[in-house]
Amino acid sequence: MSVQAINSANVNVNSKKNKKVNYVKTTGYLATVFAVGSGVAGNNKKIKLHKKLAYIAAVLTALHIGIVEWFHHKKVTK
């Protein structure tokens, strides 16, 4: 009974290298996290932090909508 060598196993090494970042999901989740953080900071009367988190959430939301519309326009024109 022979034992196979470790290197002869069929392992796909490149499977994790080719992963692309999904910017729509990333910006959407980040906008949600910052919006919830802004709400929590506002509830705890941390007004400066509340404003900063709200501005970041607004920018990420606008970026998210812009990316979605760009992909939609890119798909429609093809």
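Below, the structure is looked at part by part. Quick caveat: nothing in here was measured; it's all calculated off a predicted structure.

A closer look at the side chain of threonine 27
Thought 1: As for its position among the elements, threonine 27 is in helix H1 (residues 23-43).
Thought 2: Taking relative accessible area as the criterion, threonine 27 reaches 6% and is therefore assigned buried.
Thought 3: Polar side-chain contacts of threonine 27 include one of 3.2 Å to the backbone oxygen of valine 24.
Thought 4: Here threonine 27 is in contact with Leu60, Leu63, His64 and Ile67, once residues within four sequence places are set aside.

Some words on H1
A turn of α-helix holds 3.6 residues, and therefore any two residues three or four places apart point the same way.
Thought 1: Between its first and last C-alpha, H1 extends 30 Å over 21 residues, near the 30 Å set by a 1.5 Å rise per residue.
Thought 2: Those residues of H1 not exposed but buried are Thr27, Gly28, Ala31, Ser38 and Ala41. Mapping the buried residues of H1 onto a view down its axis gives an arc of 160 degrees, with all of them on the same face. Counted as exposed and oriented over 90 degrees from the buried face of H1: Lys25, Tyr29, Val33, Val36 and Asn43.
Thought 3: Each element contacted by the buried residues of H1 is listed here: helix H2 (47-77).
Thought 4: The N-terminus of H1 is capped by asparagine 22, whose side-chain oxygen sits 3.3 Å from the backbone nitrogen of valine 24.
Thought 5: Backbone geometry just downstream of H1 places lysine 45 in the positive-phi region, at approximately 60 degrees.

Calculation criteria
- Residues numbered from 1 in each chain as written.
- Predicted model: local features only at pLDDT ≥ 70, side-chain atom pairs only at ≥ 80, totals over all residues.
- Heavy atoms only, no water.
- Helix = DSSP H or I, 4+ residues; strand = E, 2+ residues; numbered from the N terminus.
- Buried < 20%, exposed > 50% of the residue type's maximum accessible area, 1.4 Å probe, protein only.
- Polar contact = N/O pair within 3.5 Å; in protein donor to acceptor, adjacent residues only side chain to side chain.
- Contact = heavy atoms within 4.5 Å.
- Expected span 1.5 Å × (residues − 1).
- Arc of directions from axis to C-beta.

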